[in-house]
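# Examination of the molecular architecture
So you can see what is in the structure, the chains are spelled out below.
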Amino acid sequence: MSDVQPRVRFAPSPTGYLHVGGLRTALYNYLFAKRYNGKFILRIEDTDRNRYVEGAVEKLIESLKWCGLDYEEGPGKDGGYGPYIQSERLSIYKEHVDKLIENKHAYYCFCTPERLEALREEQQKLKLPQAKYDKHCLELSEETIKNNLESGMPYVVRLNVPPGLRIYIKDIVRGDVEFDSEVVDDQVLLKSDGYPTYHLANVVDDYLMGITHVIRGEEWLSSTPKHVLLYDYFGWRRPQFAHLPLLLNPDKSKLSKRQGDVAVEDYRDKGYLKEALVNFVALLGWTAGDDKEFYYLEELTEKFSLERVNKAGAVFNVEKLNWLNAEHLRKKPKDEIIDMLKKEIASSEYASITFTGELLNQIVDAMLERVSFVKEFLTKAEYLFKDFDSYDEETVKKRWKEDSSLLLKKLADKIEAIDNPLKEDYEHALHQVAEENNVGNGKVIHPLRLAVSGVGGGPGVFDICKIIGKKNVLNRITKAIEILK
RNA sequence: GGCGCGUUCGUCUAGUGGCUUAGGACGUCGCCCUCUCAAGGCGAAGAUCACGGGUUCGAAUCCCGUACGCGCUACCA
């Protein structure tokens, strides 16, 4: 890295939510900034009034924050380069467009949408290699332009792309990329509503905000020649570019809502840990080169480099995300897990029941290695929270035998006699029953598990007994005997 | 159609000319552990490195071509 402090930006357009692809872009920008002691800036690209969504900016910022990606400059955090919302910078763009027009690098265009449409159709009919604006308005006399302007005729301003020019772009992840200016259109820079297009606003702001590295999605690579031309025309030094590979659906198309969840908030609401999401998304297109896959944000910050970013798109594979979620969950401090469990309970059918911290502690101990999500404490071990009245058929068939009722009855009698039984007491009682009746422990254990949980799997059966308590154990044994025999 | 980018196990990836009988992870399957289910440990299956040419003593790695996929081709970003 050079001596200058890098300044990078995440520049989403506020469409309503933070896309996981956007999160990945934001994350790489963030990591790059942190890695090289730079600044991570948030800029809102809201130049399309038609797509304006109420409250989108707030949601975006909230999602970013939830992921732990705090920006150092941006809306509400002035760093001397504001405003950071493009709709508040209109005069700046106008000013720069004027400069371009002055130097003949841009020109007024009064063509109507109808003419443009007709032009496109004609070009298509002629099977021209590429549809482009025909520079019709470039030929307009100063006189005509002046008159048109004065009469209030609607206009746009277009970039004047010179023919026969070879445009070279250096990209940190893709290497050298070349374009022929013949294939770049005279892009509209300023729309008839006075708003700039992405291309103009992006370049002007990146320069004015001192952006050193433009790290963005691959979908922008094709329009980079336009941007580079603008830097050159303004006489500005180009930033370094890094075009990130796309995130894909399982069928390899660009990740879309059609095929699953794409919003960060969707994953949050489904119970994914931010640590897992960030960890997962970081690995979609980047590795440190070693075998490490479990990362916290801070560690990523120490190891990240753009040079190690992959070129090929990556399929968003939820199964691996699930695994990472379980890993992160298990590594969390227990009191934090208990807090999350409390919140989960508060919004569940058990909201009205009070669970002691000690009880929750035991539940977490018993279930932690059996769950991938906090909500699974509730769904994978319902029997720890409430009574039930159905028994897993397979397990009944396999574990409930002729003598089960009798053995459980005897066990219940023993348990009955114990005050405040501990885990060991249940175990001891069971061993006694097995011994006295000359059967293996399994003959008692499995029916007990079935009686007490209704299913064949789960934590140690004596842990279950301890958690649900003597009264429930006895009740459930009685009930099982009644129903199963 | 044009232009650009990409292509290593199902998926994420390691690999930058010999260390590779292509390594790891998720998932799948099996074994061990064990009262069960998990977790953990061990192991297996799974990639003719898209295909075809070249360069080289030697190529997943370099070059060329083809195919396929994706992106862009808007007064959307």
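Keep in mind that this is a model prediction, so the values were computed, not measured.

### Notes on the packing of aromatic side chains
Per the counting criterion, the structure on display carries 21 aromatic pairs. Ring centres of Y108 and F110 lie 6.3 Å apart, and the angle between their planes is 20°; this geometry places the pair in the stacked category. Accessibility expressed as a relative area gives 9% for F110, which makes it buried. On the numbers, 4.9 Å between centres and 90° between planes, the contact of Y272 with F373 is edge-to-face. In this pair, Y272 sits in the loop between α8 (264–269) and α9 (274–282) while F373 sits in the loop between α13 (357–367) and α14 (376–379), placing the two residues 101 residues apart along the sequence. Residue class for F373 comes out buried when judged on its relative accessible area of 9%. Grouped by ring-pair contacts, the aromatic residues Y267, Y272, F280, F316 and F373 constitute a single cluster. K77 extends its terminal NZ or CZ atom over the ring of Y71, reaching a point 5.1 Å from the ring centre.

### Quick word on the environment of E121
With respect to the secondary-structure elements, E121 resides in helix α4 (residues 113–125). Along the primary structure E121 and N249 are separated by 128 residues, whereas in three dimensions their C-alpha atoms are 33 Å apart.

### Quick look at the nonpolar core
The tendency in soluble globular proteins is for nonpolar side chains to be buried side by side. In this structure, L69, F377 and L384 are the most contacted members of the largest nonpolar core, which totals 107 residues. For this core, the leading source of residues is helix α19 (residues 461–484), giving eleven residues. Filtering out sequence-adjacent residues up to four positions away, L384 remains in contact with I363, M367, I464, I467 and I468. By size, the runner-up hydrophobic cluster in this structure holds 35 residues, among which are I169, L189, L200 and V203.

### A short note on the packing of helix α16 (residues 404–416) against helix α18 (residues 442–453)
Relative orientation of the contacting elements α16 and α18 amounts to 85°, with a least axis distance of 9 Å. With respect to each other, α16 and α18 are oriented roughly perpendicular. Contacts between α16 and α18 involve S404, L407, L408 and L411 on the former and, on the latter, K443, V444, P447, L448 and A451.

### Thoughts on α16
The end-to-end C-alpha distance of α16 is 18 Å, a good match for the 18 Å that 13 residues give at a rise of 1.5 Å each. Where α16 is concerned, the buried positions are S404, S405, L407, L408, L411, A412 and I415. With its buried residues spanning 160° around the axis, α16 presents them on a single face. Structural note: α16 exposes L406 and E416 on the side pointing more than 90 degrees away from its buried face. The secondary structure elements touched by the buried residues of α16 are α15 (393–399), α17 (423–436), α18 and α19.

### Notes on the domain arrangement of chain A
For chain A, the domain assignment lists domain 1 (7–86 + 247–318), domain 2 (89–244), domain 3 (332–382) and domain 4 (387–485). Taken together, the contacts link five residues of domain 1 with four residues of domain 3. Taken together, the two surfaces of domain 1 and domain 3 that pack against each other cover about 370 Å², and 60% of this comes from carbon and sulfur. The largest per-residue losses of area from domain 1 upon contact with domain 3 belong to K270, Y272 and L273, which jointly make up 69% of the total buried on that side. Between the two partners, domain 1 and domain 3, sit one salt bridge. One salt bridge connects E275 with K332, and the closest N-O pair in it is separated by 2.7 Å. Counting across the interface, domain 1 meets domain 3 through two residue pairs in polar contact (both at pLDDT 80 or more). Looking at the side of domain 1 that touches domain 3 residue by residue, the class counts come to two nonpolar, one polar and two charged.

### Comments concerning the packing of α16 against α17
Relative orientation of the contacting elements α16 and α17 amounts to 135°, with a least axis distance of 9 Å. In terms of their interaxial angle, α16 and α17 are classed as oblique. The interaxial crossing formed by α16 with α17 has right-handed handedness. Of the residues in α17, those in contact with L407, K410, L411, K414 and I415 of α16 are Y426, A429, L430, Q432, V433 and E436. Class assignment for the residues of the contact of α16 with α17 results in seven nonpolar, one polar and three charged.

### Considering the pattern of salt bridges
Summed over the entire model, instances satisfying the criterion amount to 36 salt bridges. Residue K135 is joined to D186 by a salt bridge in which the shortest nitrogen-to-oxygen separation is 2.9 Å. Note that K135 is positioned in the loop between α4 and α5 (142–150) and D186 in the loop between β6 (175–180) and β7 (188–190), a separation of 51 residues in sequence. Note that K334 is salt-bridged to D365, the shortest N-O span being 2.8 Å. Taken together, the residues span a long stretch of sequence, with K334 in helix α12 (residues 334–346) and D365 in helix α13 at a distance of 31 residues.

### Description of the sheet that holds strand β4 (residues 156–159)
Taking strand neighbours across the sheet as the criterion, the three strands line up as β3-β4-β7 in an open arrangement whose pairing is antiparallel. The open sheet has two edge strands with one neighbour each: β3 (106–109) and β7. Across this sheet, the average inter-strand angle for adjacent strands is 45°, counted without regard to direction. Where β4 and β7 come together, two bridges link them in antiparallel fashion. Bridging across to β7, R158 finds its partner in V188.

### Focus: the environment of L31
If you trace the backbone, L31 turns up in helix α1 (residues 20–35). Distance from L31 to H243, taken between C-alpha atoms, is 15 Å for residues 212 residues apart in sequence. When sequence neighbours within four positions are dropped, the list of residues in contact with L31 reads L297, L300, T301 and F304.

Quick notes on the rules
- Residues numbered from 1 in each chain as written.
- Chains lettered and ligands numbered in written order.
- Predicted model: local features only at pLDDT ≥ 70, side-chain atom pairs only at ≥ 80, totals over all residues.
- Heavy atoms only, no water.
- Phe/Tyr/Trp six-rings, centres within 6.5 Å; stacked < 30°, edge-to-face > 60°.
- Buried < 20%, exposed > 50% of the residue type's maximum accessible area, 1.4 Å probe, protein only.
- Helix = DSSP H or I, 4+ residues; strand = E, 2+ residues; numbered from the N terminus.
- Lys NZ or Arg CZ within 6 Å of the ring centre and 35° of its normal.
- Core = buried A, V, L, I, M, F, W, Y, C linked by side-chain atoms within 4.5 Å.
- Contact = heavy atoms within 4.5 Å.
- Axes fitted to C-alpha atoms, helices over the stretch in contact; angles between N-to-C directions.
- Parallel < 35°, antiparallel > 145°, perpendicular 65-115°, else oblique.
- Expected span 1.5 Å × (residues − 1).
- Arc of directions from axis to C-beta.
- Domains from an automatic or database assignment.
- Buried area = accessible area lost by both parts, 1.4 Å probe.
- Salt bridge = Lys/Arg side-chain N within 4 Å of Asp/Glu carboxyl O.
- Polar contact = N/O pair within 3.5 Å; in protein donor to acceptor, adjacent residues only side chain to side chain.
- Nonpolar A, V, L, I, M, F, W, Y, C, P; charged D, E, K, R; others polar.
- Left-handed = near helix turned anticlockwise from the far one by under 90°.
- Pairing = 2+ DSSP bridges.

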